[in-house]
Amino acid sequence: SSHEGDVERMIKLDGIKPFPADLETLIRSAPIVARSLVDSVETEQAKEVKAELEAVIEQDPTQLTPHVLLGMLAYGGGNEELAIQHLLFVATVNDHAGEAFYLSAVASVRRDGAGHTDLVHAIEWLQRASAAQFDWTSLAKDEPRLQKLKTSPLWQRLPEAKQAE
């Protein structure tokens, strides 16, 4: 239609884009990241999005959104190390990102060969999620990947343990 032509012309006008290229990357990445949390994403597509998000972070490491997206993509794809790295960064610099601590705890427990240190970290991160006013108990009830932590004596250190079982 003619309206689409008007929009295209306005976007091309003097090379102005409606938003910065890094924002375009974030917007394009979001649906793929969301899908990775519930279903498998094609490996090539996931690698491409990961590389684009890493490029945005390299340009400006202080932007939180690409860290969130990259952390969630890694979490959805089962790359625990990368997920924890980016999610903890977000949780540490933002007082209201308690969910990032919760997801880091889950990632720590579901790591291949998760040992005592991983469980201790998970407990600490759940405590920090609570301190950030994030109520993780209903999520934890339905999270089978936390079973290893729930059967550990460490679990009883959490005041929320009973609510989350």
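Structure: see above.
The shown structure was predicted, so the numbers you read here are calculated from the model rather than taken from an experiment. Per chain, residues are indexed from 1 in the order of the written sequence. Side-chain atom pairs in this predicted model are given and counted only at pLDDT of 80 or more, local residue features only at pLDDT of at least 70, and totals for whole chains, interfaces and linings cover all residues. Side-chain descriptors were evaluated using all non-hydrogen atoms of the structure, hydrogens and water having been removed beforehand.

Here we come to the overall build of the protein chain. For the purposes of this entry, the term helix denotes a DSSP run of H or I that reaches at least four residues, the term strand denotes a run of E that reaches at least two, and both are numbered from the N terminus. Broken down by element type, the protein chain carries 9 helices and 0 strands. Listed N to C, the secondary structure of the protein chain is α-α-α-α-α-α-α-α-α in terms of helices and strands. A simple rule labels every residue: compare its accessible area, found with a 1.4 Å probe on the protein chains alone, to the largest value its type can have, and call it buried under 20%, exposed over 50%, or partly exposed in between. Burial statistics for the protein chain: of 165 residues in total, 41% are counted as buried. Computed with the Shrake-Rupley method and a 1.4 Å probe, the accessible areas treat only the protein chains shown as cover for residues. Surface accessibility of the protein chain: about 9700 Å² in total, with carbon and sulfur atoms responsible for 54%.

Here the nonpolar core consists of buried residues drawn from Ala, Val, Leu, Ile, Met, Phe, Trp, Tyr and Cys, with membership extended through side-chain atoms lying within 4.5 Å. Ranked by size, the top nonpolar core spans 45 residues in total, and within it Tyr102, Leu126, Trp136, Leu146, Leu149, Trp155 and Leu158 carry the most contacts. Of all the secondary-structure elements, those providing two or more residues to this core are helix 2 (21-38), helix 3 (43-59), helix 4 (64-76), helix 5 (80-93), helix 6 (98-110) and helix 7 (116-131). The element best represented in this core is helix 6, accounting for 8 residues. The contact definition used throughout considers only heavy atoms, calling two residues in contact when any of these lie within 4.5 Å. Excluding anything up to four places from it in sequence, leucine 146 contacts Tyr102, Val106, Val109 and Ala140.

Along the polypeptide, serine 36 turns up in helix 2. The spacing of serine 36 and alanine 74 is 38 residues in sequence and 8.5 Å in space, taken between C-alpha atoms. The residues contacting serine 36, other than those within four sequence positions of it, are Val41, Met72, Leu73, Gly76 and Gly77.

Here we come to the packing of helix 5 against helix 6. Helix-helix packing: each pair is described by the crossing angle between the helix axes and the interaxial distance. With axes taken as lines fitted to C-alpha atoms, and helix axes fitted only over the stretch in contact, angles between N-to-C directions fall between 0 and 180 degrees. Interhelical geometry of helix 5 versus helix 6 gives an angle of 155° and a closest axis separation of 8 Å. Put simply, helix 5 runs roughly antiparallel to helix 6. Of the two possible hands of crossing, helix 5 and helix 6 adopt the one that is left-handed. Across the interface between the two elements, Glu80, Ile84, Leu87, Leu88, Val90, Ala91 and Thr92 from helix 5 touch Ala100, Phe101, Leu103, Ser104, Ala107, Ser108 and Arg110 from helix 6. We call Asp, Glu, Lys and Arg charged. Ala, Val, Leu, Ile, Met, Phe, Trp, Tyr, Cys and Pro are nonpolar, and the rest, Gly among them, are polar. A class-by-class count of the residues in the contact of helix 5 with helix 6 yields 9 nonpolar, 3 polar and 2 charged. In what follows, roughly perpendicular refers to angles from 65 to 115 degrees, roughly parallel to angles under 35, roughly antiparallel to angles over 145, and oblique to any angle outside these ranges. The handedness criterion is simple: a crossing whose near helix is rotated anticlockwise from the far helix by less than a right angle is left-handed, and one whose near helix is rotated clockwise is right-handed.

So, about the pattern of salt bridges. Should their charged atoms come close, side chains of opposite charge can pair. In what follows, salt bridge is the name for a side-chain nitrogen of Lys or Arg lying within 4 Å of a carboxyl oxygen of Asp or Glu. Applying the stated criterion across every chain, the model contains 6 salt bridges. Across the salt bridge formed by lysine 50 and glutamate 54, the nearest N and O atoms sit 3.0 Å from each other. A residue pair is termed a helical-turn pair when its members lie 3 or 4 positions apart in one helix, as lysine 50 and glutamate 54 do in helix 3 at 4 residues. With its nearest N and O atoms 2.6 Å apart, the salt bridge here joins glutamate 143 to arginine 145. Several salt bridges converge on common partners, so that one network encompasses Glu81, Arg111 and Asp118.

Turning our eyes to something else, we now look at the side chain of serine 108. Position of serine 108 among the secondary structure elements: in helix 6. On the basis of relative accessibility, which here comes to 1%, the residue serine 108 falls in the buried class. In this structure, serine 108 is in contact with Ile84, Ala114, Asp118, His121, Ala122 and Trp125, ignoring residues within four places of it in sequence.

Moving on, we come to the packing of aromatic side chains. Only Phe, Tyr and Trp rings are paired, with Trp represented by its six-membered ring, and only when their centres lie within 6.5 Å; those with planes under 30 degrees apart are stacked, over 60 edge-to-face, the remainder tilted. Under the criterion given, the structure shown has 2 aromatic pairs. Centre to centre, the rings of tyrosine 102 and phenylalanine 134 are 6.3 Å apart; their planes meet at 45°, and the pair counts as tilted. Placement of tyrosine 102 in helix 6 and of phenylalanine 134 in the loop between helix 7 and helix 8 (137-141) is noted, with a sequence separation of 32 residues between them. For the cation-ring pair, arginine 110 lies above tyrosine 75, with the distance from its terminal atom to the ring centre recorded as 4.2 Å. We count a charge as sitting over a ring when the NZ of a lysine or the CZ of an arginine lies within 6 Å of the ring centre and within 35 degrees of the ring normal.

With that out of the way, let us pick up the packing of helix 4 against helix 6. Direction vectors running N to C along helix 4 and helix 6 enclose 35°, while the axes themselves pass 11 Å from each other. For the pair helix 4 and helix 6, the sense of crossing is left-handed. Along its contact with helix 4, which presents Met72, Ala74, Tyr75 and Gly76, the element helix 6 presents Leu103, Val106, Ala107 and Arg110. Its residues assigned to classes, the contact of helix 4 with helix 6 shows 6 nonpolar, 1 polar and 1 charged.

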